[in-house]
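Survey of secondary and tertiary structure
So you can see what is in the structure, the chains are spelled out below.
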Amino acid sequence: MLIRQISILNAFQCTGAACSFNCCRGWKVPIDHDTYMKYLNEKGLFGTLLRCSIEKTDELVAFRSTPRGCPFWGLDHLCTMQKKHGTEYMPAVCVQFPRQLYNLEFFCEETLYLACPESARLFLMSVLHEKPFDFIESEGEITYEVNTTNDDREFLDYLLKSRTELVSMLKDGMRFDSMAVVEYGRDAQNAFLSQSPPPSPLCYTSKEQYQVDFDKMNTLLFHGFYHPSLRTISPFLYRLCKKYLRSFGVLRHTDPAAGERKLSALKKSLYQKIPYLDRLLNQYYEYFLYTDFLDIFEDYSFSKHLLYGIAKAHMLWLFLALYAKNRKQVCTDEIARVIAVYERRAPQIEEALKHL
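This text gives an overview of the structure that appears in the document. (Residues numbered from 1 in each chain as written. Predicted model: local features only at pLDDT ≥ 70, side-chain atom pairs only at ≥ 80, totals over all residues. Heavy atoms only, no water.)

Moving on, we come to empty space enclosed by the protein. Per the stated rule, a full pass over the model turns up 2 cavities of 30 Å³ or more. In this structure, the largest cavity encloses a volume near 50 Å³. Lining of the largest cavity is provided by Gln100, Tyr102, Glu109, Glu110, Thr111, Arg163, Leu289, Tyr290, Thr291, Asp292, Phe293 and Leu294. Secondary structure elements with two or more residues in the lining of the largest cavity: strand S4 (99-103), strand S5 (108-112) and helix H13 (277-292). No other element matches the 4 residues that H13 contributes to the lining of the largest cavity. For the lining of the largest cavity, the residue count by class is 5 nonpolar, 3 polar and 4 charged. (1 Å grid on protein atoms, 1.4 Å probe; cavity = no way out; pocket = protein on both sides within 12 Å on 5 of 7 lines; lining within 4 Å. Points joined across faces, edges and corners; volume = space filled by probe spheres on them. Helix = DSSP H or I, 4+ residues; strand = E, 2+ residues; numbered from the N terminus. Nonpolar A, V, L, I, M, F, W, Y, C, P; charged D, E, K, R; others polar.)

This is the structure we're talking about:
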């Protein structure tokens, strides 16, 4: 099988107990079917412990959440299951994370989720040193299953070509939120609905930006992303959301124009602490294209996916600005942690897209 690995993947090494935002807490740990059956048949005290640690619903089999996180997360901030019984006893998601393994049947792509601080740090190092993201190709055996039900190779080739063209446009100076991206997504989706020849992104140019103003930012934040449960799920993110509420909450209803001015001032202050912010956001969107654009192969939703990436990038600068507020400077590790914390909640933004 042809395997295409993102350029930063092989540089990744788990930092273990030193991780600033451990993957053993803050979310459910799903258990794949084969591992679940192994746990059900495990004998002795360890088998009893495994079964007592599992909760099964119609949608998901997962380890029970505790106030600290995964029940196998030790006081030394390491996995007690891995230490005592080896990786073969760990759920597949634990072994793979933060690697994103995407088997498209014709080939595989392997990238890194930025929901891990070390992945986010590697991403930032590439941004700071202006290193391009690309795929390194090799051949090998694959142990993970196919992730799609689509077998239309012609459509997949079109998506690969379009992604390459979008990335080249970003590298040539187009902003991540250019209306050229939005207009291409709209026309590409309409072309497939009407069974017309699909367009090339290179046919689109625009000096206009897709405006995410104060009203849209509130829509993105409060329709799916923010929830009081963040207080226990992600205390770090909850504190940043509360900081936003204290500064902008009342203005949403009383004086949106003042909220717009205050939001612009917040972003302006962020440039003083992260002067390369524009490049960071553009390469964040570029990385999004590498990790998420081929999801269109499954649902043909060009507009939704391209707009989702734009919304993600806009909300990223907001959370970076909230974190940097009242700080003289922010270091690379701090930025990486904000990105990782934010990335774990970012999929909820899709819930808000229909309100834009």
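Okay, back to it.
The next point concerns the layout of surface pockets. Of the volumes computed, that of the second largest pocket is approximately 390 Å³. Contributing to the lining of the second largest pocket are 17 residues, with Arg25, Gly26, Pro67, Thr232 and Ile233 lying nearest its centre. Looking at the lining of the second largest pocket, the elements with two or more residues in it are helix H9 (230-233) and helix H10 (235-248). Among the elements that take part in the lining of the second largest pocket, H10 stands out by supplying 3 residues, more than any other.

What follows is about the packing of helix H1 (residues 33-41) against helix H2 (residues 44-52). Viewed as axis vectors pointing N to C, H1 and H2 meet at an angle of 130°, and their least axial separation amounts to 8 Å. One way to sum up the angle between H1 and H2 is to call them oblique. Residues Tyr39, Leu40 and Asn41 of H1 pack against Gly47, Leu50 and Arg51 of H2. Partitioning the contact of H1 with H2 into residue classes produces 3 nonpolar, 2 polar and 1 charged. (Axes fitted to C-alpha atoms, helices over the stretch in contact; angles between N-to-C directions. Parallel < 35°, antiparallel > 145°, perpendicular 65-115°, else oblique. Contact = heavy atoms within 4.5 Å.)

Bringing the environment of Val29 into the picture now. Topologically, Val29 is positioned in the loop between strand S1 (2-6) and H1. Classification of Val29 by relative accessible area gives buried; the value is 8%. On a C-alpha basis, the gap between Val29 and Arg252 in space is 36 Å, while along the polypeptide they are 223 residues apart. Leave out the neighbours within four places in its chain, and Val29 touches Val61, Ala62, Phe63, Cys70, Pro91, Val93 and Cys94. (Buried < 20%, exposed > 50% of the residue type's maximum accessible area, 1.4 Å probe, protein only.)

Turning our eyes to something else, we now look at the sheet that holds S1. Adjacent strands of a sheet form backbone hydrogen bonds with each other and so pair up, either parallel or antiparallel. Pairing is mixed in the open sheet, where 4 strands are placed in the order S4-S5-S1-S6. At either margin of the open sheet sits one strand with a lone partner, and together these are S4 and strand S6 (135-139). Ignoring strand direction, the axes of neighbouring strands in this sheet form an average angle of 20°. For S1 and S6, the ladder comprises 5 bridges, and the chain directions are antiparallel. Across the sheet, the residue bridging to Ile6 is Phe135, located in S6. (Pairing = 2+ DSSP bridges.)

The subject of this paragraph is the packing of aromatic side chains. Throughout the structure, instances matching the rule amount to 30 aromatic pairs. Ring centres 5.8 Å apart and planes at 65° place the aromatic pair Phe123 and Tyr287 in the edge-to-face group. In this pair, Phe123 is assigned in helix H5 (residues 117-128) and Tyr287 in helix H13, connecting sequence segments 164 residues apart. Accessibility classification places Phe123 together with Tyr287 in one group, the buried group. Relative to Tyr285, the ring of Phe176 lies with its centre 6.3 Å away and its plane at 40°, an arrangement referred to as tilted. Pair noted here: Phe176 is in the loop between helix H6 (153-171) and helix H7 (179-193) and Tyr285 is in helix H13, with a separation of 109 residues, a long-range link. Taken individually, Phe176 and Tyr285 each receive the classification buried, so the pair is uniform in this respect. The positively charged end of Arg252 is found above the aromatic ring belonging to Phe222, 3.9 Å away from the centroid. Here Arg327 stacks its cationic end above the ring of Tyr323, 3.9 Å away from the centre of that ring. (Phe/Tyr/Trp six-rings, centres within 6.5 Å; stacked < 30°, edge-to-face > 60°. Lys NZ or Arg CZ within 6 Å of the ring centre and 35° of its normal.)

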